[in-house]
Every structure is written in structure tokens, then in C-alpha cells.
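Here is what each chain is made of, one letter per residue.
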Amino acid sequence: MRFQNLLGLLSFSAIAIVLRADSPRFEQMVEPVLKARCAECHNDRARMGDLSVATRDGLLKGGKSGAAIVPGKPSDSLLLTMVSAGTMPKAGQKLTSDEIATIRRWIEGGALRAGEQEAALKPVRESDVHAILAAKCWVCHGRREQKAGLDLRTVASMRKGGKSGAAIAVGNADRSLLVQRIAKQEMPPPKLQEEYSVRGLTEDELRTVKAWIAAGAPLDDEKPVTAAVQNDPLVKAKDRQFWAFQAPQRPAIPAGAANPIDALAKGTLRKEADRRVLIRRLYFDLIGLPPTPDEMAAALADTAPDAYRRLVDRLLESPRYGERWARYWLDAVGYADSEGGTSADSVRPHAWRYRDYAIRAFNVNKPFDRFLSEQIAGDELFDYKATREYTAEQLDLLAATGFWRMAPDSTYSTEQNFIPERMDVIANQIEVFGSAVLGLSVGCARCHDHKYDPIPQRDYYQLVSILTPAYDPYAWLSPNTCLGVGANCKDERQRHILLRAGREYDEVMAHNAPIEKAIAELEAAKKAATDEKKKKELDEQLGKEKGKLKDRPKIRALFDLGADPPPNRILLRGDVNSPGALVEPGVLSVLSVGVPAYKPEPPGYETKTTGRRLALARWLTHPRHPLTARVMVNRMWQHHFGEGLVSSAGNFGKMGTPPANQPLLDFLATEFVQTGWDMKAMHRLILTSATWKQEGAPRRLDSDALRDSILAVAGRLTPKMFGAPDAIETKPDGEVVGKPAKDGYRRTIYATQRRTLPVSLLDAFDSPFLNPNCVKRGQSTVSSQALHLMNSDLLREMAQYMAGRIIDQAGADQKAQIERAYRVALARQPTDAEAEQARRAMTAIRGEWRKTLDANPTPEPLDGRADWLALATVCHTILNSAEFQYVD
């Protein structure tokens, strides 16, 4: 056995590297250079980046970024890359060109030590082989499927083998069936490689597998790295002292304070804004729409002491409130109706259920801790596979997990569905989670320890491990097909859930029943037909009938696949081909002091799940968690004031901006928890404060509120809520607009949000490009915005609708029309000067329109049409005004 092992290793080295007699040796020509230039930071004691250059074996072992040298492969050797680029050493004298050339020749020659004649070989570990087989073979011989009874995930299962016998002959690579099939290019089967997005093993990968088998298929003797909260070597005690990593401390509130916010606010408050301005501001803040003239009149007429508070409550109870505040949340989680990732930008036909879930949650004032828990682990909150008919609440629990399905996902394309792309999907989701929920740039720890915050790479991959029972990179599920959980649907290669009960299901089934019957009759007729012409006719009829079928309702969801989740390792430099230490599921160590330990426990359902995301939800929503409440109340403050107390809304870490008023932030966070995570209570607290009601600088409407306001004042905004997104279209001039229904347009939140085809008006006014998400929209002021409003066909059309609406309400009197236009668009009466200016403009414009109409006569009365178009021009001017576009 030992002789066979030696032969295997010698064969491996002979193939890999061509030795040269004049190759430099480490001790004579390389060690002195590294000792002089690099050893100060990378010795056996200092080990910066866990790397020592003191010995050749230390270079082979490498550090946190992987092996420093790859014998025979200078281009793959990090040491040579770094010294050649001048990025190493960081301090002191750089290596000369001759010294770099010597290191290059040493690596090319096999990285030999004095007296050696055989090239150095990095020991082949079980994890190295696992990385190869996981990427190339586990899709057919792994977690969800073991074709021919073969499981390649463990040495024991390889030795056991499948129908053809043992997969490996320990100590003899050439006799191993696994090696033989790979060498003959029979595994993975060529016909399945495109379907499953895998490729055959490279020569280097096959050599690695052979060397490992020849060496006796040794097991890795390792335990997962863990984080000891009280004595974590990777997170120092002083790191935990940073303000954001400690639980919020509730400040003392002066006795008798009418509103704690005002008591804690810094600086002198300005006087309260004009009542009309305050009411208009309140409408936009809570529902994102302007008050109608009647609503403004009623609010101004109500002089009771509690009038303002009652108005706040009424707007909070409006269904429009959920649409407004769900929009902010959808930005934060990266909601889109398309996958992104490639130029095809495949449509997500069922993502809208998550959007509707969010709107309902805000409208019913679902406690934020429950709201967040449902999104993190809704599939683990009830036994969804065992449930025969879903209630509306259970459907929402499944739809809520769409939180984890919103980031760009290119894996619908077989060309973009390899392991690196799958890991990119997981990385994007962690980036969304980190910025939207934790307010930290967690994604920076994907390739290395975070450079500024105490987030080791270990902790990043612990978070990855929480997701891989559902997002298994080695048993990947296509993003745009369906998981059936009913008795008649067993396919589990997808990431959607079929509904099998409820009103929507019943409607689809009732619609499809007669069509399916007709199809069955046509299939029977086709089978019985002997004439080819008749068969062709029946085929055409079949195609038409099938085109009438409606798809069964589906939910875009994430669900835990249960037993045997894949092992998770730190990926050195984020490279799937460089596996590092084994990790277990876990959370950020720096946030774990004072919070119960993260401890996943399977819920015990018939639906087998690991409980990993459920444990994450419990950890996040603990009242003493340092960041969850802070991050959410900061964004609420941001949306009410235009700037958060922490202006870097997605980064509460050391490179973020410090809080402008930490006592106030901590009060809001602790108050949020004490109210039972009540979002509407926090709105009331903020909106009834003198701090919010004071005069302020004007703020421009965001793109959604601007478009919705234009549609509202034009009388073209319909109240219909929920359902599939409204279609968009590209006009001949290139403008992208929403397609209206017969009764008008729905709110912007219901428009199709396609990553590569944004609605032009929204795009011009800083609607975010969600790659992957946005926790704080930018606000630019550029000439193209004014040009877009001036020249947009949509805006001209809406101005005409607005004019028609005003004529219906105010009649033919010009003065009444002007007053109504101002009240509808700006919620106020025009000044005498404004009214006179508008009157003169309408008169002049009417004359110009009459000339145009005279030259192009129509059956309609020309005077009435000229009056309407003149008023429409004035309305168009008002819609272009700064006052319409700004609040305050």
C-alpha cells in the first residue's frame, strides 16, 4: 500500500511539473530575500494574515488568502503576484526585478529545498477533493439525488459505492471506478452538463482526485471554527466598545416633557410651519399623495384641539399608507419584477406576492419583530408541507420569505448557473440582509476579514451556512420554476410553491377545467386520426387551447430543504476553488454580547427543516439586539426628515457617519421595542413632535410620489390594490411608460419594476437601480429632469386630463378654472398676481390654439377645444413648477 501511494504521488508530481537541475533552492536564494523583505510581518510569531514566509512549508500552507505558492505555477502563486505588483511588502524596500525573477524561477522549478530532487507538493486534503466533486458531481450524486445509488459526499459513501460497485479503491487511483469514468469523460455525463450547469473535471482537478485516492483518501482531521463570544480571538474586547455594537441605552427624559423627541433634540426649534404646509407635508409623509381640495378644506376647518392628531390617525389607517411605506421597505430589500444578472433580465412573474405581503403588513401594523421574523423564516413558522389548505395568514408566511429572493439572480440561465454565480446570489442576499436589517456592510467580509469593522471572514461564512439549507450551491434550484407541495406534484428542483387552495386557485381551476376537457378530447382525436392533414389541424387546435390555460398560482419563496445541508467552508479570497476552514451556522460575534446565543433547533414538523433561519429571526428580534431596532427607526426618521440620525443608513459601522444625536436614536430604538415594535406608534410620536412640525427646507418628492401625484391631480389614479404588476411599454420616441387600464393607472408601486427597463419618469427622478438594494435614495438636480417633464407625452396627456377634470368641476368660468387648478395641484388658492398671470396666459394661448385648430379643423366645436387646450397648457405649467414637485 505504501509503495502504491508513493507511486501515485510521484506520478502526480511528474505530470504536474517539469524539473530543472538549475532551479533555485529555497535556502540559498529565496529565504534570504523573504527574510530581508517580508519576514517582519510574516514570521512564525507575527503571522500577519496567518501567513509565515519563514519556511517553504509555510508558503505552501499559506494564510487567510490561501496558499502563497503553487509549485510549477507562478501565475497562480499569490506571493509572486503581490511582490510583482508592489503591494507586498507594505512597508520597507520593495523587491528588485532580479529578486522577483529568482522567486519566479524557483516556483517554476517546483519550489525545491536544498537536496530535493522532487517538486514540492501541497498535501491534498479531503476538502480539496470535496470542492471538486461538489461542483462537478454532487448534482447527480449528492443531497437530493443519488443516481445509480451513488453518493459522493463522504469517503464512506464513496467506498460503499452504488449499483456499479465502490467508487474508489483506496490507495489505487487507477483502479478506482470514479477515476476511470472521469478519465473517459463519462462523468459528469456530457449530455447533462449543460442542463445542470456543470463541466467535466480539468486535468489538474483529476490529478488532485487521483493523488488523494493514491494517498489513501485521508480524512480531514478538523473541527469547525467557532466564535466564543466572551473570548473570541478574532473580535477583541475593545472592538465591542464601538457605539453601534452595544445595546441602546435609554436616556433620561426631563419630567413634564410633552414629547421626548423635542426634549432630546439639539438646537433651537424653528417656529411651527403654516397649517396648510403642515397638512400637505403630512399627506406626503404618510400616504405619498397630495390632499384633495375637499380634504384640505376639511382639515383647515377642523380647529378642535385634537384635530391634528386625528388627522395623523386617519392617514395611518388609510390603505394608501401601506403602499407608501411598503415602497421604502421594498427599496431596502431590493424588490424587482425581474431577475437581473444578465442582459436578458428574465421576468419574475410571481415576485408581486411579496410586494402585496409588505403592503398588507404595513396596513395592519404588524409588529416589526413579527414582520421581520416572517421574512427571515416564514417557512419555518408552520408545517407548510403537511398543511392541506393554506389560510391567508399561512400564504403570507410563505410569500414573506420572498425577502431572500429579491437580489439579482442570473442562475435562470444555464450559462450563468455555475457555482461562482450561485455564490454571487447568496452574497447579494447577504448584502441586502446586512444593509437593510443590520445596517452593516457585511459583504465586505466575503473575501477577507472586514478591513474596518470587526467582522471576520469566519462570521460571513457562518451567515452563508444559515442560508445553504435552502440556497444549496450544490443542489441548486432554478429561480423561475415551481416547487409542488401537493400530493400530485413531487418536483423539488425549483424555488416556487404552488398554491392548491383558496379563491385564486379555485378561479384558475374553474377557468382551466373546460379547456383541459377539450384538450383531452383533441388528444384522443389526434391519436385516432390516420390522415396527416387532420393530425396537423388537431395539433393547431391543441396549441390554441393550451394557450388559453392559466398557470396555477405560485409563490416566489425560499424554503429549507431539511436534512443533510452541505458542509460550509470559508472560501479563501471568496474563491469557490480555495476552500478553507469548516464553519458552522452562526451570527456576527461582535453583536452577540448580551443577546441569547444563536442556537438552531429543528421545529419538529413533518416538513423537515434545520431551524437555522428561525434561530436567526429570534436572535435579530431580541430586545437587547444592538442594531435591529436602531436601523429601522433610523430609516423611519430618514423618510420623515430627509436625513437619518445616522446619515449612512446602510452602514452603522466604523466607516459610516456617527449619529447626529445618539441619545435620541437610542430613545427611539428602546421606545420602538417597548411599544411592541409598533411602527404606527413611532410615526405618531415623530409626527406630533414640534421637531417635525417646525418650518423646514423644501424637499423634492421622490420619483414614486411625483408620478402618483401627477396621476392623482389628473384624475387618472385608480384605487385598485394588489395583484400582478401593471405592464410597461416603450413609446416610439423611447420613453418608457406604464400601460393604463380602462379606468386609468394604479400607483407606481404596482408598475412592473424591471431592472433593465425603468419607467422613464422614475429613472429621471432618481428611482434607485437595485443592484442589489437601496436603503437611501439619492436626489440629483439636473437639467434632464426639467426637460423630461416639459417634453414627456405622458405629462402632456395628464395635463389634458387634469384640464378636462377642472372644466367638469368648475364649469366654463376662467377664474374658477384657475382657482380650481391651483387647489387641485398645490392645495391652495392662487394669489391675485398668479391668477391674473394665468388668465393672461390662457387668453394668449387660447388664441394660438385657435389658429392651429383653424388650420386643422375637426368635427368638435373649435372654441370649446381651444379653451380646453389652453387650460391644459396652464395645467402643464403648474405640474412643471417647483411648488408642485416640492414639499414645504
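In case you missed it, the structure is sitting above this.
**Student:** What exactly am I supposed to notice about the overall build of the chain here?
**Tutor:** Of the regular secondary structure elements, the chain holds 35 helices and eight strands. Dimensions of the chain, computed from the C-alpha atoms along their principal axes, are close to 105 × 90 × 60 Å. By residue count, 54% of the 888 residues in the chain fall in the buried class. For the chain, the exposed surface amounts to about 39,300 Å²; the carbon and sulfur share of it is 53%. Taken as two groups, the 123 positive and 113 negative side-chain charges of the chain have centres that lie 2 Å from each other.

**Student:** Got a minute to help me understand the pattern of salt bridges in this structure?
**Tutor:** When the charged atoms of two side chains with opposite charge come close together, those side chains can pair. Inspection of the entire model under this criterion finds 63 salt bridges. The partner of E205 in a salt bridge is K136, with the nearest N and O atoms 2.8 Å apart. In this pair, E205 is assigned in helix α10 (residues 203-214) and K136 in helix α6 (residues 126-136), connecting sequence segments 69 residues apart. Residue E205 shares its accessibility class with K136, and that shared class is buried. Note that D666 is salt-bridged to R630, the shortest N-O span being 2.9 Å.

**Student:** Can you help me understand the environment of L869 in this one?
**Tutor:** Mapped onto the elements, L869 comes out in helix α34 (residues 862-879). Taking C-alpha positions, L869 is 7.0 Å from Q800, a pair spaced 69 residues apart along the chain. Apart from residues no more than four positions distant in its own chain, L869 is found in contact with Q800, W849 and L853.

**Student:** Any chance you could explain the side chain of R422 here in plain terms?
**Tutor:** By secondary structure assignment, the location of R422 is in helix α19 (residues 419-438). No salt bridge is formed by the buried R422; its nearest oppositely charged neighbour, E421, is found at 6.9 Å. One polar contact links the side chain of R422 to the main-chain carbonyl oxygen of P473, over a distance of 2.7 Å. If near-sequence neighbours (up to four positions away) are discounted, R422 is found in contact with Y196, S197, T411, N417, P473, Y474 and W476.

**Student:** Sorry, what's going on with the packing of aromatic side chains here?
**Tutor:** Geometrically, a pair of aromatic rings is defined through the distance of the ring centres and the angle of the planes. Under the criterion given, the structure shown has 23 aromatic pairs. Summarising the aromatic geometry, the rings of W325 and Y328 are spaced 4.8 Å apart at their centres and angled 75° between planes, so their arrangement reads as edge-to-face. Taken as a pair, W325 and Y328 lie in helix α15 (residues 319-333) at a separation of three residues, close to a single helical turn. Accessibility assignment for this pair places W325 and Y328 in one class, buried. Taking the centre distance of 5.4 Å and the plane angle of 65° together, the rings of F672 and W677 count as edge-to-face. The two residues F672 and W677 agree in class, both being buried.

**Student:** Can you walk me through the packing of helix α24 (residues 628-641) against helix α25 (residues 662-674) in this structure?
**Tutor:** Packed helix pairs are specified by the crossing angle of their axes together with the interaxial distance, meaning the distance between the axes. The N-to-C vectors of α24 and α25 enclose an angle of 110°; their axes lie 9 Å apart at closest approach. One element, α24, and the other, α25, form an angle in the roughly perpendicular class. The residues of α25 that touch α24, namely those facing A629, R630, M632, V633, N634 and W637, are Q662, L664, L665, D666, L668, A669, F672 and V673. Grouping the constituent residues of the contact of α24 with α25 by class yields 10 nonpolar, two polar and two charged.

**Student:** Would you explain the nonpolar core in this entry?
**Tutor:** Grouped together as the largest cluster of nonpolar side chains are 158 residues, with contacts concentrated most on L286, W329, I376, F433, L616 and L668. Considering every element that reaches this core, the biggest residue donor is α19, with 11 residues. Sequence-distant contacts of W329, defined by excluding residues within four places in its chain, comprise Y354, F362, F368, F371, L372, Q375, F403, M632 and R635. Formed by 37 residues, the second largest nonpolar core is a distinct cluster that contains A705, V713, A714 and F765.

**Student:** Can you walk me through the layout of surface pockets in this structure?
**Tutor:** In this approach, a probe sized like a water molecule rolls over the atoms, and the result shows the empty space that is left. In this structure, the second largest pocket spans a volume of roughly 970 Å³. Looking at the second largest pocket, it is lined by 32 residues, and the ones nearest its centre are H42, G49, S65, M82 and K90. Going through the elements one at a time, α2 (26-37) and α4 (78-85) are the ones with two or more residues in the lining of the second largest pocket. In terms of residue count, the dominant contributor to the lining of the second largest pocket is α4 (three residues). Across the lining of the second largest pocket, the residue classes tally to 14 nonpolar, 11 polar and seven charged.

**Student:** Teacher, can you tell me more about the side chain of D285 here?
**Tutor:** Inspection of the secondary structure assignment puts D285 in helix α12 (residues 275-287). Using a relative accessible area of 6% as the deciding quantity, one classes D285 as buried. Beyond its immediate sequence surroundings of up to four residues, D285 is in contact with R324, W325, H639, H640, L687, W692 and R699.

**Student:** Could you clarify how one ought to interpret α24 in this entry?
**Tutor:** Residues spaced three or four apart along an α-helix point in a common direction, a consequence of the helix completing one turn every 3.6 residues. Its 14 residues place the ends of α24 20 Å apart at the C-alpha level, agreeing with the 20 Å of an ideal helix rising 1.5 Å per residue. Counted residue by residue, α24 has 13 buried out of 14 residues, so it is predominantly covered. Downstream of α24 by one or two residues, G642 has phi in the positive range, about 90°.

**Student:** Is there a simple way to explain the pairing of strand β4 (residues 579-583) in this structure?
**Tutor:** In terms of burial, β4 is a largely internal element, four of the five residues being buried. By the bridge criterion, three bridges tie strand β3 (residues 568-571) to β4 in an arrangement that is antiparallel. Directly across from L571, in β4, lies its bridge partner P579.

**Student:** When you look at the environment of F362 in this model, what are you seeing that I'm missing?
**Tutor:** Along the chain, F362 turns up in helix α16 (residues 352-363). Each C-alpha atom of the pair F362 and G322 lies 4.8 Å from the other, and the pair is 40 residues apart in sequence. Beyond its immediate stretch of four places on either side in the chain, F362 contacts Y321, G322, W325, A326, W329, F371, M679 and K680.

**Student:** Explain helix α28 (residues 703-713) to me, please; I cannot follow it from the model alone.
**Tutor:** The buried fraction of α28 is high, at 10 of 11 residues. For α28, every residue scored as buried is listed here: S703, D704, A705, L706, R707, D708, S709, I710, L711 and V713. If you check the start of α28, you find a side-chain oxygen 3.1 Å away from the backbone N of D704, and it comes from D702. Where α28 ends, the next residue or the one after it, G715, has phi of about 75°, a positive value.

The rules behind each value
Residues numbered from 1 in each chain as written. Predicted model: local features only at pLDDT ≥ 70, side-chain atom pairs only at ≥ 80, totals over all residues. Heavy atoms only, no water. Helix = DSSP H or I, 4+ residues; strand = E, 2+ residues; numbered from the N terminus. Buried < 20%, exposed > 50% of the residue type's maximum accessible area, 1.4 Å probe, protein only. Areas by Shrake-Rupley, 256 points an atom, 1.4 Å probe, with all protein chains shown as cover. Lys, Arg positive; Asp, Glu negative; His and termini not counted. Charge placed at Lys NZ, Arg CZ, Asp CG, Glu CD. Salt bridge = Lys/Arg side-chain N within 4 Å of Asp/Glu carboxyl O. Contact = heavy atoms within 4.5 Å. Polar contact = N/O pair within 3.5 Å; in protein donor to acceptor, adjacent residues only side chain to side chain. Phe/Tyr/Trp six-rings, centres within 6.5 Å; stacked < 30°, edge-to-face > 60°. Axes fitted to C-alpha atoms, helices over the stretch in contact; angles between N-to-C directions. Parallel < 35°, antiparallel > 145°, perpendicular 65-115°, else oblique. Nonpolar A, V, L, I, M, F, W, Y, C, P; charged D, E, K, R; others polar. Core = buried A, V, L, I, M, F, W, Y, C linked by side-chain atoms within 4.5 Å. 1 Å grid on protein atoms, 1.4 Å probe; cavity = no way out; pocket = protein on both sides within 12 Å on 5 of 7 lines; lining within 4 Å. Points joined across faces, edges and corners; volume = space filled by probe spheres on them. Expected span 1.5 Å × (residues − 1). Pairing = 2+ DSSP bridges.

Scope: geometric values only; no functional claims are made or implied.
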